[in-house]
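This is what each chain is made of:
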Amino acid sequence: MTGKSEESEAGGDWLAPLFEQLKGAVQRAAAVLAKDDPEEKADAETLARRAGVVARAALAVDAIRRRMEAERRAEKDSEEDEMGGRTDRPEEDERLRRRLTLHSERLDRILETKGARPDGRARTEADGAGDGAASSPMPAPG
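Residues numbered from 1 in each chain as written. Predicted model: local features only at pLDDT ≥ 70, side-chain atom pairs only at ≥ 80, totals over all residues. Heavy atoms only, no water.

Helix length check: helix H4 (residues 90-114), at 25 residues, gives a terminal C-alpha distance of 36 Å against a target of 36 Å (1.5 Å per residue), a fit within 8%. Looking one or two places after H4, you find Gly115, whose phi comes out positive at around 80°. (Helix = DSSP H or I, 4+ residues; strand = E, 2+ residues; numbered from the N terminus. Expected span 1.5 Å × (residues − 1).)

If you want it as structure tokens, here you go:
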């Protein structure tokens, strides 16, 4: 069909024939209740009650089926999000942003105390840092 799973197709299809059966039972009971025979009326009332019980049970079963399908869809969507690395949690994004900012500021302070320039080379006297011995480039971190 058009993208529906077999489960969801089968889930909705079982209600239609059940509806027709229950509708027929209720119509038969209503026709009997219109008559004057008390014994037949008792049987008709029993039939109508039974039809009501089956109808409520069918609605409960269908509600459970819909809930299970919704949970499966939500679980599938969640798995796809996790696999793609996407998160829809602004608080997590903000927490990571704060950590990154703190880490960046910490690295800036370390570089400042080491006297390194932003391009990674040590500062020279002309740059305003101590004696001329610091003029050689800093070794790359490794």
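Oppositely charged side chains can form a pair if their charged atoms are brought close together. Counting across every chain of the model gives nine salt bridges. Between Asp62 and Arg65 there is a salt bridge whose closest N-O contact spans 2.5 Å. With Asp62 and Arg65 both in helix H3 (residues 38-84) and three residues apart, the pair spans about one turn of that helix. When salt bridges that share partners are traced, they join Asp62, Arg65, Arg66 and Glu69 into one network. (Salt bridge = Lys/Arg side-chain N within 4 Å of Asp/Glu carboxyl O.)

Looking at the protein chain as a whole, the pLDDT averages 76, with 65% of positions reaching at least 70. Contacts from residues 1-9, a stretch scored under 50 in pLDDT, to residues over four places away or in other chains number six contacts. Across residues 130-136, confidence stays below pLDDT 50; counting only partners more than four residues off in sequence or on other chains, it has eight contacts. (pLDDT = per-residue confidence, 0-100. Contact = heavy atoms within 4.5 Å.)

Quick look at the environment of Thr46 now. On the secondary structure map, Thr46 appears in helix H3. Classification of Thr46 by relative accessible area gives partly exposed; the value is 29%. Linking Thr46 and Ala29, residues 17 residues apart in sequence, is a C-alpha distance of 8.6 Å. (Buried < 20%, exposed > 50% of the residue type's maximum accessible area, 1.4 Å probe, protein only.)

Side chains of Asp36, Asp37, Glu39 and Asp43 sit close together on the surface and give a patch of like negative charge. Along the chain, the position of Glu39 falls in helix H3. Residue classification places Glu39 among the exposed positions, given a relative accessible area of 60%. (Patch = residues over 30% accessible without salt bridge, like charges linked within 9 Å, V, L, I, M, F, W, Y side chains within 5 Å. Areas by Shrake-Rupley, 256 points an atom, 1.4 Å probe, with all protein chains shown as cover. Lys, Arg positive; Asp, Glu negative; His and termini not counted. Charge placed at Lys NZ, Arg CZ, Asp CG, Glu CD.)

Turning our eyes to something else, we now look at the nonpolar core. The nonpolar side chains of a soluble globular protein tend to be buried, and buried together. In this structure, Leu18, Leu22, Ala25, Ala51 and Ala58 together form the largest nonpolar core, which totals five residues. Per-element accounting of this core gives the leading share, three residues, to helix H2 (residues 15-33). Contact partners of Ala51, with chain neighbours within four places excluded, come to Leu22, Ala25 and Val26. (Core = buried A, V, L, I, M, F, W, Y, C linked by side-chain atoms within 4.5 Å.)

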